[in-house]
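What follows is each chain in one-letter form.
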Amino acid sequence: MVDVLWFVEGCEDDQMDPDGAVKVLDGVAFLVTQLTSDQRSEFSDLLAAMAAEEADPSRREFLEGFPEGFGLLGESS
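Residues numbered from 1 in each chain as written. Predicted model: local features only at pLDDT ≥ 70, side-chain atom pairs only at ≥ 80, totals over all residues. Heavy atoms only, no water.

Draft legend 1. The nonpolar core, seen in detail. One finds V2, L5, F43, L47, F66 and F70 to be the most contacted residues of the largest nonpolar core, which totals 16 residues. Elements with a contribution of two residues or more to this core: α1 (2-10), α2 (18-33), α3 (37-53) and α4 (57-69). With 5 residues, the top contributor of residues to this core is α2. (Core = buried A, V, L, I, M, F, W, Y, C linked by side-chain atoms within 4.5 Å. Buried < 20%, exposed > 50% of the residue type's maximum accessible area, 1.4 Å probe, protein only. Helix = DSSP H or I, 4+ residues; strand = E, 2+ residues; numbered from the N terminus.)

Quick look at the structure:
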């Protein structure tokens, strides 16, 4: 899932319809907010581990910003 979102976020307008990209990103952000607190914590830990091992600086930045950008740090449901 993270790889797909990395691709969608990095697409140019001629690669993917911008409105479609926003719908995908917003849809995932909504789904992430539906996770339990434990699920969010586990997902955040996984993202941190992925970021720590990532050699590509821009992908590492994406991984590090994912929890905040996709609602993992918000209130649990």
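Draft legend 2. Representation of the pattern of salt bridges. Going through the model one piece at a time under the given rule, you end up with 2 salt bridges. Put simply, R59 and E54 hold a salt bridge, and the shortest N to O gap is 3.0 Å. Salt bridges sharing partners connect three or more residues here, namely D3, E54 and R59. (Salt bridge = Lys/Arg side-chain N within 4 Å of Asp/Glu carboxyl O.)

Draft legend 3. Representation of the packing of aromatic side chains. Evaluated as defined, the whole model comprises 5 aromatic pairs. Ring centres 4.3 Å apart and planes at 20° place the aromatic pair F66 and F70 in the stacked group. The same class applies to F66 and to F70, which are both buried. A network of ring pairs unites the aromatic residues W6, F43, F62, F66 and F70 as a single cluster. (Phe/Tyr/Trp six-rings, centres within 6.5 Å; stacked < 30°, edge-to-face > 60°.)

Draft legend 4. Geometry of α3. Between its first and last C-alpha, α3 extends 25 Å over 17 residues, near the 24 Å set by a 1.5 Å rise per residue. Restricting attention to buried positions, one finds in α3 the residues R40, F43, S44, L47 and A51. In an axial view of α3, the angular spread of the buried residues amounts to 100°, which keeps them on one side of the axis. In this structure, α3 carries D38, E42, D45, A52 and E53 as exposed residues pointing more than 90 degrees from its buried face. Summarising the contacts, the buried residues of α3 are in contact with α1, α2 and α4. (Expected span 1.5 Å × (residues − 1). Arc of directions from axis to C-beta. Contact = heavy atoms within 4.5 Å.)

Draft legend 5. Here's a closer look at the packing of α3 against α4. Look at α3 against α4: their axes get within 9 Å of each other, and the N-to-C directions meet at 165°. Classified by the angle their axes make, α3 and α4 are roughly antiparallel. Considering how the two elements wind past one another, α3 and α4 form a crossing that is left-handed. Across the interface between the two elements, F43, S44, L47, M50 and A51 of α3 pack against R59, R60, L63, E64, F66 and P67 of α4. When grouped by side-chain class, the residues that make up the contact of α3 with α4 number 7 nonpolar, 1 polar and 3 charged. (Axes fitted to C-alpha atoms, helices over the stretch in contact; angles between N-to-C directions. Parallel < 35°, antiparallel > 145°, perpendicular 65-115°, else oblique. Left-handed = near helix turned anticlockwise from the far one by under 90°. Nonpolar A, V, L, I, M, F, W, Y, C, P; charged D, E, K, R; others polar.)

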